[in-house]
Amino acid sequence: MSPGRLATAWALFQALLIEAMPFLLIGVTISTLARWLSPGGKWVRRLPSHPVLGPLTGAALGFALPACECGNVPVARQLLATGAPLATALGFLFAAPVLNPIVVASTWAAFPNQPWLLVARPVGAVLIALVLATLLARLPESELLQPALLEERRLVLPLSRVSLLERRSGVIGADPLAAQALAAAARRTPRPPLAEILGHGSREFIELAALLVFGCVIAALVQTLVPRPWLLAVGGAPTLSILALMLLSLVVSVCSSVDAFLALGFAAQVTPGALLAFLLLGPVIDIKLVGLFGVLLRPRAILITGVSAVLVVLVIGQWVNLWRL
Amino acid sequence: MGEPVAAVTLPRRLRGGRWLRPLGLGLWGAVLLQSGISGRLDLLLRAVFHPLVWISGVVLVVAALLELVGGGGVTPTPRQRTVLLLGVVVAIGVLLVPPRPSFADLAANRGRELLDEPGLNFVVPPGQRTLTEWVRLLRSEPDPKLHAGDPVRISGFVLPVPGDRPQLARLLVRCCLVDATPVGLPVLWLPGRPLPQADQWLELRGVMDTERLDGQTRSVIRAQAVRVIPRPARPLEP
């Protein structure tokens, strides 16, 4: 690489990083606050369990708890542990990383001249959440959720849904009311002090900043090194461009609050369907999320999530290409 | 025999790599603040985002100070320590090595789709129009002869065009340097002088003219005076 090219790549890297970092900070701040105000209580169990209304309600919760996908996983775990219906919790898990004001704002900031993207991205995220929630809800909870989470969840679910034997909580034979009081006491943990909250937020920021650096390096190098005719050849092919951008979103693993800025680097060279596919798939599944999902789902459920998300996004991307090209 | 020299040690609360987290936060905050102070933001980002960068820089520095006072939180694992060290090295690199992009290189790898900003201003006298305003005006009007003879006074960087004379160009951005789109005007450079070099910033005085190329008439600037200028503080245009 010539020194001039290297200098340009370095400048692009800095531009991406400095542009995205404030949005990352906002996302982490909100996810930290969301964890501090972590949802619990009876209202969670009253959320709808309807196969369509549930995911839609979960998706809408993203506006109340606007975290990116990394901050979202612990909140979704808390929802499940406090007895939220599966449909709602899964809807929240898969759609809320896109359906929140920070992500909408960053998408608008990156693509102010493409209003269709501001509509298509949330709509696509809801569609994906509906499909994934419907598929995963067909699995028994014992095959879907991690054993530790399942035990926590069964403690708060009513006895009409979970038998005492399934609870395995050491309170078998005790007065059911006492068992519920025990579970409720376990939930009433005091809010952590401010220093702990700050520490958690800063840890999250530093780790995500490292991922952001990685993503910015890839985007800057691709923009500078890959010749434009190559980018146009791959990016101009309807299906190939979608597959290429989906692969990129899986590898880059960048947070949904800043992924629009990375997409900006490829926007001029790829089909609109590929652009949307990049923005839809990353928030649902990527390399980083596979690890995070381990606290929620069993491996089989993670596999179903990954494969289904890729297929749904591919279909959405193709449809958008038919519509926009 | 002198007194034994006391080894410099960190306070106990910051041992075990716990200093790395506040250092990382502080450095990223410093990166954002220094970008504003040094004027890098003008080169990298559209102005509308600058306040957000300043505020984030201040927040990160304050968070770093609070972490430092609080002892850096839990001791990082070896993996976290590696990530933290990597972040520290990159942040120091960004602080020390300023961006020096080649606008010509950047433009060569981009499309020429003009941003559809509602910025057309027909009231500005021709001699006061910027390069971008000229490009927008010429693209909005199909007849190049309409402006032939108008005085032109513009500045921009030299953009080599394969198979053609170098153009004078500017980069337009919606968000940051990453989505920069070049706009340029063909120039009939001063006769008998060597063609300008790529990336040179020039101020050009001349008149609008037309020429035939590939059977079509296009607008071209006939240069009368060309002066080399330093890159402007705000080289990107919306």
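In this report, the structure presented in the accompanying data block is examined. (Residues numbered from 1 in each chain as written. Chains lettered and ligands numbered in written order. Predicted model: local features only at pLDDT ≥ 70, side-chain atom pairs only at ≥ 80, totals over all residues.)

1. Description of the overall build of chain B
Phase 1 of the analysis: Regarding its fold elements, chain B presents 6 helices and 6 strands.
Phase 2 of the analysis: For chain B, the α and β elements follow one another from N to C terminus as α-α-α-α-α-α-β-β-β-β-β-β.
Phase 3 of the analysis: Buried positions account for 36% of the 238 residues belonging to chain B. (Helix = DSSP H or I, 4+ residues; strand = E, 2+ residues; numbered from the N terminus. Buried ≥ 20, exposed ≤ 12 C-beta atoms within 10 Å, placed from the backbone.)

2. Quick look at the interface of chain B and chain A
How big an interface is tends to be stated in terms of accessible area lost as the parts join.
Phase 1 of the analysis: Taken residue by residue, the interface counts 44 residues in chain B and 36 residues in chain A.
Phase 2 of the analysis: For the side of chain B that touches chain A, the secondary-structure elements that each account for two or more residues are helix 1 (20–37), helix 3 (50–70), helix 4 (78–96) and helix 5 (103–108) of chain B.
Phase 3 of the analysis: Here the element with the most residues in the side of chain B that touches chain A is helix 3 of chain B; it accounts for 9 residues.
Phase 4 of the analysis: Looking at the side of chain B that touches chain A residue by residue, the classes come out as 26 nonpolar, 9 polar and 9 charged. (Contact = placed C-beta atoms within 7 Å. Nonpolar A, V, L, I, M, F, W, Y, C, P; charged D, E, K, R; others polar.)

3. Overview of the pairing of strand 1 (residues 151–159) of chain B
All names here are of chain B.
Phase 1 of the analysis: The pairing of strand 1 with strand 4 (residues 201–213) spans 7 bridges and is antiparallel. Bridge assignment links R153 to a residue of strand 4, and that residue is R205.
Phase 2 of the analysis: Both strand 1 and strand 2 (residues 167–172) contribute to a ladder of 3 bridges, which runs antiparallel. What sits directly across from F157, in strand 2, is A169. (Pairing = 2+ DSSP bridges.)

4. Thoughts on the environment of A:T57
Residue and element names in this part refer to chain A.
Phase 1 of the analysis: Positionally, T57 belongs in helix 3 (residues 53–64).
Phase 2 of the analysis: T57 sits in the partly exposed class, given 19 other C-beta atoms within 10 Å.
Phase 3 of the analysis: Counting along the chain gives 160 residues from T57 to V217, while the straight-line C-alpha distance between them is 37 Å.
Phase 4 of the analysis: In this view, T57 contacts L47, P48, T88 and G91; residues no more than four positions away in its chain are not counted.

5. Remarks on helix 4 of chain B
Residues and elements named next belong to chain B.
Phase 1 of the analysis: In a regular helix each residue adds 1.5 Å, so 19 residues correspond to 27 Å; helix 4 covers 27 Å between its end C-alpha atoms and thus fits that length.
Phase 2 of the analysis: Of the positions making up helix 4, those classed as buried are V83, L84, G87, V90, A91 and V94. The arc that holds the buried residues of helix 4, viewed along the axis, is 130°, so those residues lie on one side. When the buried face of helix 4 is taken as reference, the exposed residues oriented beyond 90 degrees from it are P78, T82, V89 and L96. (Expected span 1.5 Å × (residues − 1). Arc of directions from axis to C-beta.)

6. Concerning the nonpolar core
Phase 1 of the analysis: The biggest cluster of nonpolar side chains holds 157 residues, and the ones touching the most others in it are A:L16, A:L24 and A:L212.
Phase 2 of the analysis: Element by element, the count of residues in this core is highest for helix 1 (residues 3–36) of chain A, at 16 residues.
Phase 3 of the analysis: Each of two domains, domain 1 (12–100) and domain 2 (104–237) of chain B, supplies a minimum of three residues to this core.
Phase 4 of the analysis: Not counting chain neighbours up to four residues away, the residues in contact with A:L16 comprise A:C216, A:A219, A:A220, A:F261, A:L262, B:C176 and B:V178. (Core = buried A, V, L, I, M, F, W, Y, C linked by C-beta atoms within 7 Å. Domains from an automatic or database assignment.)

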